[in-house]
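Structural features, examined
Each chain is listed here by its residues.
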Amino acid sequence: MNLRKVTIVDVAQQAGVSVTTVSLVLSGKGRISRKTADKVNAAIEELGYVRNQQAATLRDNISNVIGLIVKDITEPFYAEVAAGVSEYAETQGKQVFLTQCGNSSAGFARSLDSLIRYGVDGVIVGGGKFLTNDVVERINHYQIPMVCAARASEFSGIDVVRPDNASAARMATEYLIKNGHRQIAYFGGESDSLTRAERVGGYCSTLVQYGLPFRTEWIVETDNKQQNIIRRVSEFMYQYPKVSAIVCHNTGTALGAYFAALSTGNTVRQGDNESYFTQEIALVGFDDIGSEALYDIPVAFITQPSRDVGRSAATRLLRRIGGDSSPPASVTLSPGFSQLNG
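Keep in mind it's a predicted model, so treat the numbers as computed, not measured.

The number of helices and strands found in the protein chain is 11 helices and 13 strands. Within the protein chain, the proportion of its 342 residues that are buried is 51%. Put simply, 70% of the contacts in the protein chain that link residues at least 6 apart link residues at least 24 apart. By element, 48% of the accessible surface of the protein chain is carried by carbon and sulfur atoms, the whole surface being about 15,800 Å².

Quick look at the structure:
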């Protein structure tokens, strides 16, 4: 894949004029004949040259700015990804242009158009929800490299960096099994989430591996609203009192499950199942935040390498900008374990 952007020099050669003439047409300054301006504009359209705020830097074909698109910067995972991207970019003398696209393909298209007009050297997309073949063809048309940094993504046309969700769920489930639990539920996430599908797959395969039961009614979907999580977990505990442990889809679900356990008269232990006198529930969550200050509850967490996802995505993007033309790769980063409270 050719990653060289169309430059002002290319436009000048195509139109048969000087670089200075093209600059004057782009800026709207100077006395340029209509015929010459039309030739330059025709060359711009034919080559796919991007008019942007940094035309003066394009003689060197580099802006030292990379773009980052996220759906919602308040989402803990993508906030950490953005921090990782910025940290690495700074070490390489690059700046990051961050845009928030919201929950619509139109918003994503506007964000992408803004970055293209600005003349960024490359784009990192946080999440694969709005990635399509048309988007990749568009970005390739402008010869701008793109990398996807996502919780989960099935897209194969560009470089993808992501955490290993299935492995994280296997780790969480095995931790509970090795601490004596035999009836384990999975709580949280919505049915259209690829991240949830991968984690549920890891949870189920681990139970099967150890010869333990799982039932579809023990895999419970919820949104991220705290009151809804507390209500659903409370109802579940009353209905299935022998379930002694829950794998929680994210930090919010873990917090909701903790409060639900307290409200139903249960106690919460971090992992073991040693008490025979009180009803206890063990909770394991997936840490998308990376801040121990939030975890003043007895919950074990599988740590997601969200900041490393950002750093790795920025590393790959800068390699592409530098001319790396190897085939697109999918990079999966391993989870860790954090036993924050005993």
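Structure shown, so let's carry the discussion forward.
What follows covers the confidence of the model for the protein chain. For residues with low pLDDT, the predicted coordinates do not support detailed interpretation. This prediction gives the protein chain a mean pLDDT of 85; 85% of its residues lie at or above 70. Of all secondary-structure elements in the protein chain, the lowest mean pLDDT belongs to strand β9 (residues 267–269), at 58, while strand β6 (residues 184–187) reaches the highest, 97. Ignoring residues within four places in sequence, the model shows residues 274–278, a span with pLDDT below 50, making 3 contacts including any to other chains.

Nonpolar side chains in soluble globular proteins tend to be buried together. The biggest cluster of nonpolar side chains holds 44 residues, and the ones touching the most others in it are Y203 and I246. For this core, the leading source of residues is helix α7 (residues 165–178), giving 6 residues. Once residues lying within four places of it in the same chain are set aside, the contact partners of I246 are L176, A185, F187, V233, M237, I281, A282, L283 and V284. Of all hydrophobic cores here, the second largest spans 42 residues; its members include Y78, A89, V120 and A149.

Right, let's get into the packing of helix α4 (residues 76–91) against helix α11 (residues 306–321). In contact at an axis separation of 6 Å, α4 and α11 are set at 45° when each is read in the N-to-C sense. As summarised for this structure, α4 and α11 are arranged oblique, according to the angle between their axes. Between α4 and α11 the crossing geometry is right-handed. Together, F77, E80, V81, A83, G84, V85, E87 and Y88 of α4 and S306, R307, V309, G310, R311, A314, T315 and L318 of α11 make up the contact between the two elements. Taken together, the residues of the contact of α4 with α11 sort by class into 8 nonpolar, 4 polar and 4 charged.

A separate point is the pairing of strand β5 (residues 159–163). Judged by how many residues are buried, β5 sits mostly within the fold: 5 of 5 residues are covered. In β5, alternate side chains face the same way, and those of D159, V161 and P163 on one face and V160 and R162 on the other are all buried.

One pass over the structure, following the stated rule, counts 13 salt bridges. Here R316 ties to D159 by a salt bridge, and the two come within 3.7 Å at their closest N and O atoms. Here R316 is found in helix α11, whereas its partner D159 is found in strand β5, with 157 residues between them in sequence. This pair shows no difference in class: R316 is buried, exactly as D159 is. Taking the shortest distance from any N to any O, the salt bridge between R320 and D159 comes out at 2.7 Å.

The rules we used
Residues numbered from 1 in each chain as written. Predicted model: local features only at pLDDT ≥ 70, side-chain atom pairs only at ≥ 80, totals over all residues. Heavy atoms only, no water. Helix = DSSP H or I, 4+ residues; strand = E, 2+ residues; numbered from the N terminus. Buried < 20%, exposed > 50% of the residue type's maximum accessible area, 1.4 Å probe, protein only. Contact = heavy atoms within 4.5 Å. Areas by Shrake-Rupley, 256 points an atom, 1.4 Å probe, with all protein chains shown as cover. pLDDT = per-residue confidence, 0-100. Core = buried A, V, L, I, M, F, W, Y, C linked by side-chain atoms within 4.5 Å. Axes fitted to C-alpha atoms, helices over the stretch in contact; angles between N-to-C directions. Parallel < 35°, antiparallel > 145°, perpendicular 65-115°, else oblique. Left-handed = near helix turned anticlockwise from the far one by under 90°. Nonpolar A, V, L, I, M, F, W, Y, C, P; charged D, E, K, R; others polar. Salt bridge = Lys/Arg side-chain N within 4 Å of Asp/Glu carboxyl O.

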